[in-house]
Amino acid sequence: LIETLFDEPDTLRTLFVATVRTGERADPEAAAALTRLRDHQRTRSLTLTPMRTTEMRQLLSALVPLDTATVDALARRADGNPLFAEHMVRHWMRSGVLERKADDFRASTDKMDLLPAQMGELWKNRLGEVLAGSPSGRLAYMLAAMLGSSVDDEAWRLVCAEAGVPTSAEVF
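Procedures and definitions
Residues numbered from 1 in each chain as written. Predicted model: local features only at pLDDT ≥ 70, side-chain atom pairs only at ≥ 80, totals over all residues. Heavy atoms only, no water. Helix = DSSP H or I, 4+ residues; strand = E, 2+ residues; numbered from the N terminus. Buried < 20%, exposed > 50% of the residue type's maximum accessible area, 1.4 Å probe, protein only. Contact = heavy atoms within 4.5 Å. Areas by Shrake-Rupley, 256 points an atom, 1.4 Å probe, with all protein chains shown as cover. Salt bridge = Lys/Arg side-chain N within 4 Å of Asp/Glu carboxyl O. Expected span 1.5 Å × (residues − 1). Polar contact = N/O pair within 3.5 Å; in protein donor to acceptor, adjacent residues only side chain to side chain. Phe/Tyr/Trp six-rings, centres within 6.5 Å; stacked < 30°, edge-to-face > 60°. Lys NZ or Arg CZ within 6 Å of the ring centre and 35° of its normal. Axes fitted to C-alpha atoms, helices over the stretch in contact; angles between N-to-C directions. Parallel < 35°, antiparallel > 145°, perpendicular 65-115°, else oblique. Left-handed = near helix turned anticlockwise from the far one by under 90°. Nonpolar A, V, L, I, M, F, W, Y, C, P; charged D, E, K, R; others polar. pLDDT = per-residue confidence, 0-100. Core = buried A, V, L, I, M, F, W, Y, C linked by side-chain atoms within 4.5 Å.

**Student:** How should the overall build of the protein be read in this particular structure?
**Tutor:** Across its full length, the protein carries nine helices and two strands. For the protein, the sequential pattern of α-helices and β-strands runs α-α-α-α-α-β-β-α-α-α-α. When the 172 residues of the protein are sorted by exposure, 25% land in the buried category. Put simply, of all contacts in the protein between residues at least 6 apart along the chain, 51% involve residues at least 24 apart. As presented, the protein carries roughly 12,500 Å² of accessible surface, and 53% of it is formed by carbon and sulfur atoms.

**Student:** It is not clear to me how the pattern of salt bridges should be interpreted in this structure. Could you clarify?
**Tutor:** Pairing between side chains becomes possible if they bear opposite charge and their charged atoms approach one another. Within this structure, the stated rule accounts for five salt bridges. Across the pair Arg-106 and Asp-104 runs a salt bridge, and its minimum N-O distance is 3.6 Å. Owing to a relative accessible area of 36%, Arg-106 belongs among the partly exposed residues under this scheme.

**Student:** I would appreciate a short explanation of helix H5 (residues 82–95) in the present structure.
**Tutor:** Count 3.6 residues to each turn of an α-helix, and residues three or four apart come out pointing the same way. If you check H5, its first and last C-alpha atoms are 20 Å apart, about what 14 residues at 1.5 Å a residue would give, namely 20 Å. Within H5 the residues assigned to the buried category are Phe-84, Ala-85, His-87, Met-88, Val-89, His-91 and Trp-92. Backbone nitrogen of Leu-83 and a side-chain oxygen of the N-cap are separated by 3.1 Å at the start of H5; the cap is Asn-81. Gly-96 sits one or two residues past H5 and shows a positive phi near 80°.

**Student:** How do you make sense of the packing of aromatic side chains when you look at a structure like this?
**Tutor:** Two descriptors summarise a pair of aromatic rings, namely the distance from one centre to the other and the angle between the planes of the rings. The full count for this structure, using the stated rule, is zero aromatic pairs. The ring of Phe-105 carries the charged tip of Arg-100 above its face, separated from the ring centre by 4.9 Å.

**Student:** When you look at the packing of helix H8 (residues 137–147) against helix H9 (residues 153–163) in this model, what are you seeing that I'm missing?
**Tutor:** Packed helices, taken two at a time, are described by the angle their axes make and the gap between the axes. At a minimum axis distance of 10 Å, the contact between H8 and H9 shows a crossing angle of 125°. Viewed along their axes, H8 and H9 adopt a mutual orientation that is oblique. Handedness of the H8/H9 crossing: right-handed. Contact residues: Ala-140, Tyr-141, Leu-143, Ala-144 and Leu-147 in H8; Ala-155, Trp-156, Val-159, Cys-160 and Ala-163 in H9. Residues belonging to the contact of H8 with H9 are distributed by class as follows: ten nonpolar, no polar and no charged.

**Student:** Would you mind going over the packing of helix H3 (residues 53–63) against H5 with me for this structure?
**Tutor:** Close contact between H3 and H5 brings their axes to 10 Å; oriented N to C, the two are set at 30°. In terms of their interaxial angle, H3 and H5 are classed as roughly parallel. Every pair of crossing elements has a handedness; the one defined by H3 and H5 is right-handed. For the pair H3 and H5, the contacting residues are Met-56, Leu-59, Leu-60 and Leu-63 in the first and Pro-82, Ala-85, Glu-86 and Val-89 in the second. When its residues are assigned to classes, the contact of H3 with H5 shows seven nonpolar, no polar and one charged.

**Student:** Is there a simple way to think about the confidence of the model for the protein in this case?
**Tutor:** Note that predicted coordinates carrying low pLDDT should not be read in detail. The predicted model of the protein averages 77 in pLDDT, with 71% of residues at 70 or higher. The weakest mean pLDDT in the protein belongs to helix H1 (residues 2–6) at 66; the strongest belongs to H3 at 90.

**Student:** Is there a simple way to explain the nonpolar core in this structure?
**Tutor:** Burial of nonpolar side chains together is a common tendency in soluble globular proteins. In this structure, Met-56, Leu-60, Leu-66, Leu-74, Trp-92 and Leu-98 are the most contacted members of the largest nonpolar core, which totals 17 residues. Every element with two or more residues in this core is listed here: H3, helix H4 (68–78), H5 and strand S2 (105–107). No other element matches H5, which puts five residues into this core. Look past the residues within four positions of Leu-74 in its chain and what remains in contact with it is Leu-60, Leu-66, Met-88, Val-89 and Trp-92. Ala-140, Leu-143, Ala-144 and Cys-160 belong to the second largest nonpolar core, which has six residues in total.

So, in C-alpha cells, the structure goes:
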C-alpha cells in the first residue's frame, strides 16, 4: 500500500508510522521491503533504540507505585519496549499478579513466570479474556481490525450484519 502511494503525485502529505523489531529484519522479504521504503526519496526514517533501563524504571514508577523488585522484574521483561511495559502493568493488575501492600504494589513471584514474555502473547491473552463466552466475537474483532485503527461502532455493526456475524453487547 505504501509503495503504491509513492507513485501518486505529492498532493497530499501523509504520515505513515511503522515499527519493526530487530529480529524481524532477519526475514529476507521483510528486510527487502524495509530497505525499499527506507531508501525511497519520499520517506524519512527515524531509528529508535530500546528505552534505557533507567528510563524504563522512571516510566514504570510513574504508572503505579511499585516496589523496587517489581520495577526491576518489569524492566527486565519489557526489554526496552515502553508499550509492552505499560500493557504488562495493566495485565498484572487484572490478573492479580500485583498485590497491594502498605504504600505500593508488589508482584507475586509465584505468578510472574506464568505471564507473557512478548507483546503478541499479551494481546492474545487479553483478547481471550474479552472474547470468553462469545463464539462470534473473534470474527467480529477480525472485521473491526479490517476497518482500521479507529472504528465507528455503527459501521462495525453494519459490517458484522452484512457478514452474517451475530454480535452481542459484550463484543461492542
